[in-house]
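# Per-entry structural report
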Amino acid sequence: MTVPPFCVGLTGGIGSGKSTVAEIFADLGAGLIDTDSIAHQLTVPNGAAMPEIVNVFGTGIVSPSGALDRVAMRDRVFSDPAARKKLESILHPLIRAESVRRLASVSSPYALLVVPLLVENLAAYRPLLNRVAVVDCDARDQLLRTAARPGVGVEQAKAILAAQASPVARMRIADDVIDNRGDLEGLRRQVELLHQRYLELTREISSNT
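Residue placement: Ala174 occurs in the loop between α9 (167-173) and β5 (176-179). Judged by its relative accessible area of 21%, Ala174 is partly exposed. Here the alpha-carbon distance between Ala174 and Val135, two residues 39 residues apart in the chain, equals 9.4 Å. Setting aside residues up to four positions removed in sequence, Ala174 forms contacts with Val132 and Val134.

Structure representation (structure tokens):
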């Protein structure tokens, strides 16, 4: 299966601003593949992951529409690490397989693969990536943004953040760091510079093949 000549993995903790950064990259012309979006599609009514999720967790995590009840599942997995690992073992292989499929159809000069839990799943995704970009932000802002999400709240936001890789661990795998401690214009300038850099690297790879 062919993939674009250049693929950037974008990661960062929940509430760091990954989605905003990804949108800017996409506006500039990057081929965007978001694993969170894939996860949502796998857990809609009749989604590919739903039969196994129901088999493992029961019908209590299914909404009236037949989709995954995200609030119920979040309550379950962030109070029970073993349950979280079971859910990840169902979803992650399906997400990666769909990511590879979508990479094969990217027509943009390079692909941006957004993987929130990249540190935790580095062995699976590293072979697909030429470079890793990490979105970094103030820890308090990250907590407040996460707690403001529907059905989350401060205590669960703390549990979610505690379950994710540390900022230090993300920095260890970063080739590029995008600092989201300033305003939107400053964020956009950083992304524009990286976009140009990635285009240059893509051209270099293409010229050597």
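This next bit is on the packing of helix α2 (residues 35-42) against helix α5 (residues 81-103). Orientation of α2 relative to α5, taken along the N-to-C sense of each, is 115°, at an axis distance of 10 Å. In this structure, the crossing between α2 and α5 has a hand that is right-handed. Taken together, the residues of α5 that come into contact with α2 (itself represented by Thr35, Ile38, Ala39, Gln41 and Leu42) are Leu91, Leu94, Ile95, Glu98, Ser99 and Arg102. Looking at side-chain class alone, the contact of α2 with α5 contains 6 nonpolar, 3 polar and 2 charged residues.

What counts as what
Residues numbered from 1 in each chain as written. Predicted model: local features only at pLDDT ≥ 70, side-chain atom pairs only at ≥ 80, totals over all residues. Heavy atoms only, no water. Helix = DSSP H or I, 4+ residues; strand = E, 2+ residues; numbered from the N terminus. Buried < 20%, exposed > 50% of the residue type's maximum accessible area, 1.4 Å probe, protein only. Contact = heavy atoms within 4.5 Å. Axes fitted to C-alpha atoms, helices over the stretch in contact; angles between N-to-C directions. Left-handed = near helix turned anticlockwise from the far one by under 90°. Nonpolar A, V, L, I, M, F, W, Y, C, P; charged D, E, K, R; others polar.

Purely geometric numbers; function is a separate question.
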